[in-house]
Amino acid sequence: MNYNEHPQNTQAGTNPPSPRPPRQSGKKPIAAQILAPILGMLTIILAILLATVCLRNTYLQRQKEKAEMEAETAVAKLQDDLQQLQAHLDNDTILIEDFKDNAARYNVSAEFIQRFFDDVIIYKDQGIVYEPIDPNLPKNSYDWSFLTRQGSRYSYLPDNGPAAKLGIDVAKFQEEIDWEKVAAEGIRFAMVRMGYRGYGTGALMTDPNFQQNVEGALENGIDVGVYFFSQAINENEAIEEAEYLLDAIKGYNIKMPVVFDMEMIAESSTARANNLSPQQRTAITKAFCSRIKLAGYTPMIYGNPGWMLSKVNFEELTEYPLWLAQYYREPFFPYEFQMWQYTNTGRVNGINGNVDLNLCFTDQW
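None of these values were measured; they are calculated from a predicted model.

Rules used in this analysis
Residues numbered from 1 in each chain as written. Predicted model: local features only at pLDDT ≥ 70, side-chain atom pairs only at ≥ 80, totals over all residues. Heavy atoms only, no water. Salt bridge = Lys/Arg side-chain N within 4 Å of Asp/Glu carboxyl O. Helix = DSSP H or I, 4+ residues; strand = E, 2+ residues; numbered from the N terminus. Patch = residues over 30% accessible without salt bridge, like charges linked within 9 Å, V, L, I, M, F, W, Y side chains within 5 Å. Areas by Shrake-Rupley, 256 points an atom, 1.4 Å probe, with all protein chains shown as cover. Buried < 20%, exposed > 50% of the residue type's maximum accessible area, 1.4 Å probe, protein only. Arc of directions from axis to C-beta. Core = buried A, V, L, I, M, F, W, Y, C linked by side-chain atoms within 4.5 Å. Contact = heavy atoms within 4.5 Å. Phe/Tyr/Trp six-rings, centres within 6.5 Å; stacked < 30°, edge-to-face > 60°. Lys NZ or Arg CZ within 6 Å of the ring centre and 35° of its normal. Expected span 1.5 Å × (residues − 1). Polar contact = N/O pair within 3.5 Å; in protein donor to acceptor, adjacent residues only side chain to side chain. Axes fitted to C-alpha atoms, helices over the stretch in contact; angles between N-to-C directions. Left-handed = near helix turned anticlockwise from the far one by under 90°. Nonpolar A, V, L, I, M, F, W, Y, C, P; charged D, E, K, R; others polar.

Details of the pattern of salt bridges
Opposite charge on two side chains permits them to pair, given that their charged atoms come into close proximity.
Inference 1: The tally for this structure, following the rule as stated, stands at 11 salt bridges.
Inference 2: Across the salt bridge formed by E111 and R329, the nearest N and O atoms sit 3.3 Å from each other. You can see E111 sitting in helix α3 (residues 110-114) and its partner R329 sitting in the loop between β11 (322-325) and β12 (339-346), a full 218 residues away along the chain.
Inference 3: Linking E240 and R197 is a salt bridge whose minimum nitrogen-to-oxygen distance equals 2.9 Å.

Here's the deal with a nonpolar patch on the surface
Inference 1: Together, I38, L39, M41, L42, I44, I45, I48 and L49 make up a nonpolar patch on the protein surface, roughly 770 Å² of accessible area in all.
Inference 2: Checked against the element boundaries, I38 lands in helix α1 (residues 30-90).

Concerning helix α2 (residues 96-105)
Inference 1: The complete set of buried residues in α2 reads F99, N102 and A103. Down the axis, α2 shows its buried residues gathered within 100 degrees of arc, on one side only. Facing away from the buried side of α2 by more than 90 degrees, the exposed set consists of E97 and A104.

Concerning the nonpolar core
Inference 1: Counting residues in each nonpolar core, the largest one holds 64 residues, and the members touching the most others are I168 and L359.
Inference 2: Each residue touching L359, except ones within four places of it in the same chain, is listed here: L147, Y154, Y156, A164, K165, L166, F189, Q338, M339, W340 and Y342.
Inference 3: Among the nonpolar cores identified, the runner-up in size contains 13 residues, and F189, M256, M339 and C360 belong to it.

Focus on the packing of aromatic side chains
Inference 1: Applying the stated criterion across every chain yields a total of 26 aromatic pairs.
Inference 2: For the pair W144 and W340, a centre-to-centre distance of 6.2 Å together with 55 degrees between the ring planes defines the contact as tilted. Residue W144 is found in the loop between β2 (128-132) and β3 (147-150), and its partner W340 is found in strand β12; the two are separated by 196 residues along the sequence.
Inference 3: According to the relative accessible area criterion, W340 is buried, its value standing at 0%.
Inference 4: Summarising the aromatic geometry, the rings of F210 and Y252 are spaced 6.2 Å apart at their centres and angled 85 degrees between planes, so their arrangement reads as edge-to-face. Of the two residues, F210 sits in helix α5 (residues 210-219) while Y252 sits in the loop between α6 (235-248) and β9 (258-261), which places them 42 residues apart along the sequence.
Inference 5: Ring pairing ties together the aromatic residues Y142, W144, Y154, Y156, F314, F333, Y335, F337, W340, Y342 and F361, which thus form one cluster.
Inference 6: One cation-aromatic arrangement involves K100 over Y130; the distance from NZ or CZ to the ring centre is 4.4 Å.

What to know about α6
A turn of α-helix holds 3.6 residues, and therefore any two residues three or four places apart point the same way.
Inference 1: Between the first and last C-alpha of α6 there are 20 Å, a value that for 14 residues agrees with the 20 Å anticipated at 1.5 Å per step.
Inference 2: For α6, every residue scored as buried is listed here: E237, A238, E241, A242, L245 and L246.
Inference 3: Elements in contact with the buried residues of α6: β6 (189-197), β7 (204-206), β8 (223-229), β9 and α7 (278-294).
Inference 4: One side-chain oxygen of the residue at the start of α6 lies 3.2 Å from the amide nitrogen of N236, identifying that residue as N234.

Points about the packing of α6 against α7
Inference 1: Where α6 contacts α7, the two axes come as close as 8 Å, and the packing angle between them is 30 degrees. Here the hand of the crossing between α6 and α7 comes out right-handed. Of α7, the residues touching α6 (which contributes E235, A238, I239, E241, A242, E243, L245 and L246) are A283, I284, A287, F288, R291 and I292.
Inference 2: Class assignment for the residues of the contact of α6 with α7 results in 10 nonpolar, no polar and four charged.

Have a look at this one:
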C-alpha cells in the first residue's frame, strides 16, 4: 500500500507522516557470495606456491652446497695425488706399479703411457696391457723424425728410402665418391672393401659400392687394393671368402695388396667369430692369405696392436705384410709393418664425411 493512499489528517498545521526507509534483508549480493570462496582458494594456492618455491630454493641451496663440498673433496684428493706424483718427480723416480695404478685410475690414453716405455707395447683390452717386446720378431727401421703433419695429412720423407704414399680406405659408408676430386687431393692409393661375411647369418655379401669405387679410382689414376671383412669360423670358410673375392676382382688392375680383415664385433656378444681362439684365427688368416698368394696377388693382414698381439698368434703371421691401425701422433709398433692407418676422421675433397687415411711406406706396390 502506498503512503499517499492514507486519508489526509484534517487537523490544521499537521503534516502527513514521512515514509519509512526500506529494511535491509541481511543477505550479501550474489557476486560477493561467488567471489569470496574463490578469493579464499586463490589465497591458499598462492600460499602453497610460495611455500613450494621456498622449499625448492632450500633444496637447491642444499644441493649446491653438497655439490660444492663434493667438488672440494675431489679437488683436495686430486691435489694430494698430484703432490705425491710431484714428490716422485722431484726424486726423479716413480715406482712402475704406482705409475700403472695411476694410469688405470685416471684412464690415461695408451699413447700417453707409451711415451714412458720402450720395452713394452701398450694397448687396451678390458684394461691396460703392457706387452713385452719379443726380441726374436723382425723389427721395422722407420725414423719418425721424418714424419710430418699438416692438418689431418701426414707425410713421411726420409733421407734414404722412398717417400710414403698417401691413401684412403673406403666402403659403402662413404657413399658416392667423386674420384676426380679425390685424385686432385693427392691421394695415391685406395683400399676398397670388396665384401664381407655377415656376423650373424654367415652369408657372403658384396659391398654395394665396390664396383663403382674400384672403377672410379682406376679411371683417375689411383692405385687400388681391396679388403674383405671376414667372419669365417674355420679354414674352409676362409678359403670360400678368398675365392669369392678373387672372382669379384677379375679383370681389374689390382696393384695394391689384397687384405684379410677380421675384427671383434663389439656391438654383438653372439657374433659368430667373436669367441674363436687365437690359434683358430691364425689358421683362418693363413688359409685366406695362402689362397690369395696362390692366385698371384699380395696378401696382407689388417689389425691394431691389440688384435695382432692377443687375438692371433702374431709370430706365425710375420711372413705377410701388415696394415697397422693405430691412431697415434706417430705409430709405436716395433715390428715390421708396411701400411699405417693413422686416423678414421680424415677429410678428403670428393668424399662426404670422414674417411680413413693411410700411409704406405714401401714402393713395392
